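Working through the structure, step by step
Residues per chain are reported as follows:
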Amino acid sequence: MARMALLVSPELCIGCRGCQSACKEWNGLPAVKTVNRGTFENPPDLTGADYNRIRFMEVPSAQDAQRWLFVSQRCMHCGDAACMKICPSSGALFRAKNGAVVFDKGKCIGCKLCGSACPYGLIRFDQANKVSKCHLCHDRTEAGLTPACVKTCPSGALKYGDRDKLAAEASAAGYSNLYGEADLGGTGVLYAFKDSPKVYGMLQNPAFPAEVHFWSGIKSLAYLGLGATVAASALHYLVIGPHKEEGEEVKKDE
Amino acid sequence: MTNHWIDFRNADVILVMGANPAENHPIAMKWIARARERGAKLVVVDPRFTKTASKADLYAPIRPGTDIAFLGGLINYILQKGLYFREYVVNYTNASYLVNPEFKGPGQLEGLFSGYNEKARQYDKKTWSFQMDEAAGVPRKDPSLRDPHSVFQLMKQQYSRYSLERVSAITGTPADKLAAVYQAYASTGRPGRAGTELYAMGWTQHTVGTQNIRAMSIIQLLLGNVGIAGGGINALRGESNVQGSTDHGLLFNSLPGYLSVPTASMADLAAYNDKNTPKSKDAKSVNWWSNKPKYMVSYLKAIYGAHAKKENDFCYAWLPKLDEGMNASWLMIFDNMIKGRYEGFFAWGQNPACSGANSNKVRKGLAKLEWMVNVNLFDNETGSFWRGPGVNPADIQTEVFLLPACSSVEKEGSITNSGRLAQWRRKAIEPIGQSRPDAEIMNELYFRVKGLYRKEGGKSPAPILELAWDYGAPGPDGKIEKVDISRVAMEINGYYLEDVWDKKAVPPKQLGKKGALCASFVTLQADGSTSCGNWIYSQSYTQKDGKAVNMMARRSKEDPTGLGLFAGWAWAWPVNRRILYNRAGVDPNGSPWDPKRAVIKWEALAIDKVTGKPGLWKGDVPDGPAPPLAAKGGKYPFIMKPDGMGAIFGPGLVDGPFPEHYEPLESPLQANPMSAKVRINPAARMFYTAQGGLPEDVFANADPRFPIVGTTYRVTEHWQTGVLTRHLPWQMELQPQQFVELSTELAGQKDIKSGDKVTVSSARGKVWAVAIVTERFRPVMVMGKVVHQVGLPWCYGWQYPTDGSGGDSSNLLTPTIGDANTLIPETKAFMVNVQKA
Amino acid sequence: MSRMVKKAGAFEIVNHWMLAGSCLVLALSGFAFVFHLDGVAALFGGFPPMRAWHNISGVVFAVSLFLTVFSYLPVSLSFSADDMKWLSMGGGYLSRNKKELPPQDKLNTGQKLYYLVLLGMGAVMSASGFTIWLLGNKGLVLLSYFAHNLFFVFFMVAIPVHIYLGTFANPGTLRIMLSGKVPLDWARRRYGKWVSRMGLG
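Residues numbered from 1 in each chain as written. Chains lettered and ligands numbered in written order. Predicted model: local features only at pLDDT ≥ 70, side-chain atom pairs only at ≥ 80, totals over all residues. Heavy atoms only, no water.

Side note on the overall build of chain C
Formally: Helix and strand definitions follow DSSP, with helices as H or I runs of at least four residues and strands as E runs of at least two, each counted in order from the N terminus. Residue burial is assigned from relative accessible area. The probe radius is 1.4 Å, only protein chains are included, and a residue is buried under 20% of its type maximum, exposed over 50%, and partly exposed in between. Whether two residues touch is decided by their heavy atoms; if any such pair falls within 4.5 Å, the residues are in contact. The method behind every accessible area is Shrake-Rupley, applied with a 1.4 Å probe, and residues are considered shielded solely by the protein chains displayed. All tallies of charge rest on Lys and Arg as positive and Asp and Glu as negative; His and the ends of each chain are not included. For this purpose, a charge sits on NZ of Lys, CZ of Arg, CG of Asp or CD of Glu.
Each helix and strand counted, chain C has 8 helices and 2 strands in total. Mapped from its N terminus to its C terminus, chain C presents α and β elements in the order β-α-α-α-α-α-α-β-α-α. With the principal axes as the frame, chain C shows a C-alpha extent of 55 × 35 × 30 Å. Burial status across chain C gives 50% buried among its 201 residues. Once local pairs closer than 6 in sequence are excluded, the contacts in chain C between residues at least 24 apart make up 66%. With an accessible surface of roughly 9,600 Å², chain C has 73% of that area assigned to carbon and sulfur atoms. Within chain C, one finds 18 positive and 7 negative side-chain charges whose respective centroids are separated by 2 Å.

Brief notes about helix H6 (residues 163-172) of chain A
Residue and element names in this part refer to chain A. Quick reminder of the rule: What the arc describes is the spread of directions from the helix axis to the C-beta atoms. Each polar contact in these results corresponds to two N or O atoms within 3.5 Å; when the atoms are within protein, one needs to be able to donate a hydrogen and the other to accept it, and residues that are neighboring in sequence are counted only if both atoms are side-chain atoms.
Along H6, the residues that are buried comprise Arg-163, Leu-166, Ala-167 and Ala-170. End-on, the buried residues of H6 take up no more than an arc of 100°, which puts them together on one face. Opposite its buried face, H6 presents the exposed residues Asp-164, Lys-165 and Ala-172, each directed more than 90 degrees away. Residues of H6 that are buried in the fold lie against strand S1 (4-8), strand S6 (158-162), strand S7 (177-179) and strand S8 (189-193). Two or three places before Asp-164, at the opening of H6, Asp-162 has a side-chain oxygen 3.0 Å from that residue's backbone nitrogen. Phi turns positive, to about 95°, at Gly-174, one or two residues after H6.

Here we look at the interface of chain A and chain C
Here is the rule: Summed over both partners, buried area is the accessible surface (1.4 Å probe) that two parts give up on being assembled. By definition here, a salt bridge exists when the distance from a side-chain nitrogen of Lys or Arg to a carboxyl oxygen of Asp or Glu is within 4 Å. The classification used treats Ala, Val, Leu, Ile, Met, Phe, Trp, Tyr, Cys and Pro as nonpolar, Asp, Glu, Lys and Arg as charged, and all other residues, Gly among them, as polar.
Taken residue by residue, the interface counts 48 residues in chain A and 46 residues in chain C. Each partner contributes to the roughly 4,100 Å² buried at the junction of chain A and chain C, and carbon and sulfur atoms together form 64% of this total. Seen at the junction of chain A and chain C, the total is 0 salt bridges. If you look at where chain A meets chain C, you find 12 residue pairs in polar contact (both at pLDDT 80 or more). Of all the secondary-structure elements, those providing two or more residues to the side of chain A that touches chain C are helix H2 (82-86), helix H3 (113-117), helix H7 (210-218) and helix H8 (221-239) of chain A. A class-by-class count of the residues in the side of chain A that touches chain C yields 26 nonpolar, 13 polar and 9 charged.

As for the packing of aromatic side chains
What counts is decided by this rule: Working definition: rings of Phe, Tyr and Trp (its six-membered ring) pair if their centres are within 6.5 Å, and the pair is stacked with planes under 30 degrees apart, edge-to-face with planes over 60 apart, and tilted otherwise. Any Lys NZ or Arg CZ that is within 6 Å of a ring centre and within 35 degrees of that ring's normal is treated as a charge sitting over the ring.
Going through the model one piece at a time under the given rule, you end up with 69 aromatic pairs over all chains. When the centroid spacing of 5.7 Å and the interplanar angle of 25° are considered together, the rings of Tyr-191 of chain A and Phe-193 of chain A count as stacked. Judged by relative accessible area, which is 1%, Tyr-191 of chain A ranks as buried. Members of the aromatic cluster, joined through ring pairs, are Tyr-97, Phe-103, Phe-113, Tyr-116, Tyr-123, Trp-128, Phe-130, Tyr-159, Tyr-162, Phe-649 and Phe-658 of chain B. The ring of Trp-289 of chain B has Lys-292 of chain B lying over it, and the distance from NZ or CZ to the ring centre is 4.5 Å. A cation over a ring is seen here: Lys-112 of chain C above Phe-79 of chain C, with NZ or CZ 5.1 Å from the ring centre.

Remarks on the nonpolar core
We apply this condition: We call a set of buried residues a nonpolar core when its members are Ala, Val, Leu, Ile, Met, Phe, Trp, Tyr or Cys and they connect through side-chain atoms within 4.5 Å of each other.
Residues Tyr-191 of chain A together with Phe-8 of chain B are the most contacted members of the largest nonpolar core, which totals 158 residues. Not counting chain neighbours up to four residues away, the residues in contact with Phe-8 of chain B comprise Met-1, Ile-14, Ala-28, Trp-31, Ile-32, Ala-35, Leu-198, Asn-234 and Leu-236 of chain B. Ile-68, Val-99, Phe-113 and Phe-649 of chain B belong to the second largest nonpolar core, which has 75 residues in total.

Side note on the environment of Leu-250 of chain B
Tracing the backbone shows Leu-250 of chain B in the loop between helix H10 (242-247) and strand S10 (254-255). Placed 225 residues apart in sequence, Leu-250 of chain B and Gly-475 of chain B show a C-alpha to C-alpha distance of 30 Å.

Topic: the packing of helix H3 (residues 67-80) of chain B against helix H9 (residues 209-222) of chain B
Residue and element names in this part refer to chain B. Note the cut-off: To get an axis, a line is fitted to the C-alpha atoms, and for a helix only the part in contact is used. The angle between two axes follows their N-to-C directions and goes from 0 to 180 degrees. Here the word oblique covers every angle except those under 35 degrees (roughly parallel), over 145 (roughly antiparallel) and from 65 to 115 (roughly perpendicular). By definition, turning the near helix anticlockwise from the far helix through less than a right angle yields a left-handed crossing, and turning it clockwise yields a right-handed one.
Contact geometry of H3 with H9 gives a least axis separation of 9 Å together with a crossing angle of 15°. In terms of orientation, H3 and H9 fall into the roughly parallel class. The chirality of how H3 crosses H9 is left-handed. Taken together, the residues of H9 that come into contact with H3 (itself represented by Asp-67, Ile-68, Leu-71, Leu-74, Ile-75, Ile-78 and Leu-79) are Gln-211, Asn-212, Ala-215, Met-216, Ile-218, Ile-219 and Leu-222. Taken together, the residues of the contact of H3 with H9 sort by class into 11 nonpolar, 2 polar and 1 charged.

A closer look at the side chain of Ser-809 of chain B
All names here are of chain B. With respect to the helices and strands, Ser-809 occurs in the loop between strand S32 (789-793) and strand S33 (830-836). Accessibility expressed as a relative area gives 0% for Ser-809, which makes it buried. Here the side chain of Ser-809 touches Cys-354 through a polar contact of 2.7 Å, landing on its backbone oxygen. A polar contact is formed between the side chain of Ser-809 and the backbone nitrogen of Asn-811, at a distance of 3.0 Å. Apart from residues lying up to four places away in sequence, Ser-809 is in contact with Cys-354, Ser-359, Arg-363, Gln-738, Val-767, Trp-794, Tyr-796 and Gly-797.

Things to note about the sheet that holds S8 of chain A
Residue and element names in this part refer to chain A. What counts is decided by this rule: Should DSSP find at least two bridges between two strands, the strands are regarded as paired.
With mixed pairing, 4 strands are arranged side by side in an open sheet as S6-S1-S8-S7. Of all strands in the sheet, those with a lone pairing partner are S6 and S7, marking the two edges. Mean inter-strand twist for the sheet, computed between neighbouring axes without regard to direction, equals 30°.

Structural notes on the interface of chain A and chain B
Counting from both sides, the interface comprises 38 residues of chain A and, opposite them, 43 residues of chain B. It is Asn-36, Phe-40 and Trp-68 of chain A that lose the most area in chain A upon contact with chain B, and together they represent 22% of the buried surface on that side. Linking chain A with chain B are 4 salt bridges, by the criterion used here. With a closest N to O distance of 2.4 Å, Glu-733 of chain B and Lys-24 of chain A form a salt bridge. Our count for the contact surface shared by chain A and chain B stands at 15 residue pairs in polar contact (both at pLDDT 80 or more). Every element with two or more residues in the side of chain A that touches chain B is listed here: helix H1 (18-27), strand S2 (53-59) and strand S3 (67-73) of chain A. Here the residues of the side of chain A that touches chain B sort into 17 nonpolar, 11 polar and 10 charged.

Regarding helix H12 (residues 292-304) of chain B
All names here are of chain B. Spelled out, the test is: Residue count minus one, scaled by 1.5 Å, sets the expected span of a helix.
Counted at 1.5 Å a residue, the expected span for H12 with its 13 residues is 18 Å, and the 18 Å between its end C-alpha atoms agrees. For H12, the tally of buried residues reaches 12 of 13 residues, placing the bulk of the element in the interior. Within H12, the full set of buried residues consists of Lys-292, Pro-293, Tyr-295, Met-296, Val-297, Ser-298, Tyr-299, Leu-300, Lys-301, Ala-302, Ile-303 and Tyr-304. Once H12 ends, the next one or two residues include Gly-305, with phi positive near 55°.

Considerations on the pattern of salt bridges
Residues and elements named next belong to chain B. Under the criterion given, the structure shown has 53 salt bridges over all chains. One salt bridge connects Lys-339 with Asp-335, and the closest N-O pair in it is separated by 2.7 Å. For Asp-335, a relative accessible area of 3% translates into the label buried. With its nearest N and O atoms 3.2 Å apart, the salt bridge here joins Glu-430 to Lys-427. Glu-430 gets classed as exposed once you look at its relative accessible area, which sits at 54%.

Observations regarding the packing of H3 of chain B against helix H7 (residues 175-186) of chain B
All names here are of chain B. Two elements in contact, H3 and H7, have axes whose closest approach is 10 Å; the angle formed by their N-to-C orientations is 60°. In terms of their interaxial angle, H3 and H7 are classed as oblique. The handedness of the crossing between H3 and H7 is right-handed. For the pair H3 and H7, the contacting residues are Ala-69, Phe-70, Gly-73, Leu-74, Tyr-77 and Ile-78 in the first and Leu-178, Val-181, Tyr-182, Gln-183, Tyr-185 and Ala-186 in the second. Grouping the amino acids of the contact of H3 with H7 by side-chain chemistry returns 10 nonpolar, 2 polar and no charged.

As structure tokens, this is what we get:
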């Protein structure tokens, strides 16, 4: 399967948040108790029960007193996913055929390392500390459907499809900034912007964590170290032999 | 709507004023986005920089309640700059008609039209008439539009007073923004340019609500925007089926299909028909309402069945009658209730304790009832009014019943959207618990009431005992055991009760066979040979090859016109016409003004299969089959008007034939800047006068205690008063609490920060709310003074969530006054104060 | 047959095996975590239970390691000229020709150094492990993650060295950690200073 992507176009988003409700419904996620904090935006952050949310931003505008921006936020589904690299459990985070970074709570050990490794800080956990984040509706996409948020989006602000095609369409429609196109091996969630991503509060220069990168490069040293030491010990035993004084006997029954 | 949702994509300029579709009609934004991709301009005029404004190419702020000033300025702009579509205006509107020379407008009468009776707050409309050509029996015209008594010149005169500067001073819209909006919208006056207007309760819920829409109608007629793709005047309805319920007689003064409810003076059917059937002597006018007697008789046949006979006036006498001048609309119901005039009350699918303007009055009114039946999905603030804030249950004698209704997905039926599209929906799941579909509850109620009448008698039992109620198989006790909703739909469509013939045709042609479902309202008769529950829905459930066909259940996705008409998807009234007045979208020869977006098109040489004669309309279902105006037998386009013309001069309304700016009941101004002597709509009914009134009905104009303009609105996450959505934790997560939006300037003055709890109060009540301090709400300059504005949603109520964290309805603040024509409450402009709680 | 002397007490022995056991569990599960070894994880009942094993073993390891301080730290920190000599002779491990080594205390020089290194590595391992487990600070967690992994590699070297030296390389040594008793002669030869200090003759 070609790599698929979710294209977010905040220019088309009307902040209706059908995506948030649809996500909760499809994934059977519980509600989070919130208060009004002096904004339409809620919940205040992604949670293990909120795989996506719309960030509401009021920014200065040349034409009016302000612009009101609505920016979908969720796991970016990195092509080179630090979360997958750091995950100690086999199969807890895996790459789906469509390129999404998907989780298996049954295999998640709840160590939350992925949360620390995520360059965007977008991974959240459920009450049992298991990874709980956008999976681009793995169950739906596997069955040939679009993610629930995309299905619900009334304005076309969320689109799901062939990553290259979506990128080309966005460029053709005049979106000069395709955020995520080249970052981290290319993200599976792309943002079509006409202005700088900074205006939309996007992370500048997301970077793969050096610690994870470096360790991945040297982790085979563990095998090497173990193997070499065992081998050296054996060699020592054969070549130099045990530390035995003359006349000393070793009896098993001692 | 004259047009339909998908049609927004065909517009070149979309004016959103009095609506916020991005918040309240999200799907609309899909089509607006498609239009913008084509290069269309979205223009938003709103007191607040809304979600819709965030998508706009041009945004202009406005003070609530000054839309007519804004639109009057646009009319003036169009006329002064000659940007109107002259051929359209001359041929298709009454602009050329000559008005009674005694008619005088607000420019001459200091804000009033001629014929005003101050004491009665009413107009005598005698002078609001046309000069008649006695011989032909049609109005006199001046196609040059120069006669000083012509509608055109009178209009020009009245709106010459709406200069850019004056309008800006009234509305608070900066002059440059005003000019930019005018320029953008007036650009659609050329053929090949389409402008549409989307409005909702932001226009209707004013003392001048009807005139707001009239003002826009005038603009659309001047620009030739009615009857074309991407044009029209489009009401975005406040509920998914409010169009359907209005069509089916929701309003106190209309029977299904907008037939007037008879009044006491209309003693018999002949008197009713005489009073309600418009006449025209103009051969080119279709005057469709001349068919009204057919629809009325067919309606009587539908509801009284075999009992309705010619001999007994089709049981016309059984219909309830209004007293002369009686108004039974929303505000009056609760005014009567608080005055102790009602014994009982059915709150069916509604929550007036939160949705009703001046909710405190409503809540007090409920306490005057002996009994109340609350039919709803959940208990709500209405059903629980007796334990509401400040109420001691021991003081309340009202007995309250809750009948659990099921939701729309638990039943089958039709729903009619704003675009008049009736769509059939199937049941998704069985009703939960003891809940039942509304029809089943009504069925139960009907047979119980009928049984009581049968047993105990009573005043006038016949209309109940003999009501046609044939919606399913009766059980042993005669009661229908299960309502078959399709049979209701079929009754609405109508049946041929006899073989029906077109006797005028040579040779006579059979229109319908006895027992069959009616083909359309064109075949309805006034002699009792047809029945039809709602004439405009005739054709929604027809018959093909002896089988019933539910047209509303159709699901074809074909769109041969490419305009998004989708004629095979469900069914739109009337007769599946998707764009109303489409004959105005073509020139007098039948060629579309805009060939690229032809809704209909006359093909003079094509052979009409039905008549066998040349001449055929292609495209949408035309407004009548007659040839175009210039052809032999041609007709005027506005077939629902007696004279066939678009009404620039509209004498039908009670408050003036042209819209005029009046201030809201509560405004920051002492006087109306347009006319010092007449502050508010002079024909609006006053509940509180200089002589006094109920303390609940007080208002405070230009009162230093309430210096801030308030308005109300909705949020995407909640439905109406939130009865359905406040019980959904997911929705509460998104919008948990009552809030008030206010400007950074006002917040600074009051030392309020975003997230602070504040109290918003009016002369009638107060609510707490969380402050959202934002640049999106700006103070406006009105008559040289800074006026602050705030807005609150009305979707919260004290009863749920039970911890009270949601807040209470902002309708506790709104006043008791309504539009002069419809009495729809003025909840979109009132005066408040805001204080840190 | 030489007289047996008590080289290690019960506390010392039990603690050693707690440390050794937890260390092996940690190493094994750690290996499975690093290299996603499903077969190894299956021994623990899968990855999630394996994490519990790893964490609990981590606690045991940390506590045990701390308790070793009482047994070994003072002696490990006392160095003399004999230690330098021992070191210069490579502890006698470098040649088949065994020469007389300088007398050693309870721990010989190599054991002392090994202990200090082990104590340091174990401390880093414990601290980083607990940071990953219990702290949410992203920067600290990533740093700890790196340290934990890096020292895991060191442990992969240290563990077999210790096992080899405690068994094959030094026959008879294992007895110290089993019964705690060794023949006096054996002890005198290898831990002469200790035998003298303890007044065992």
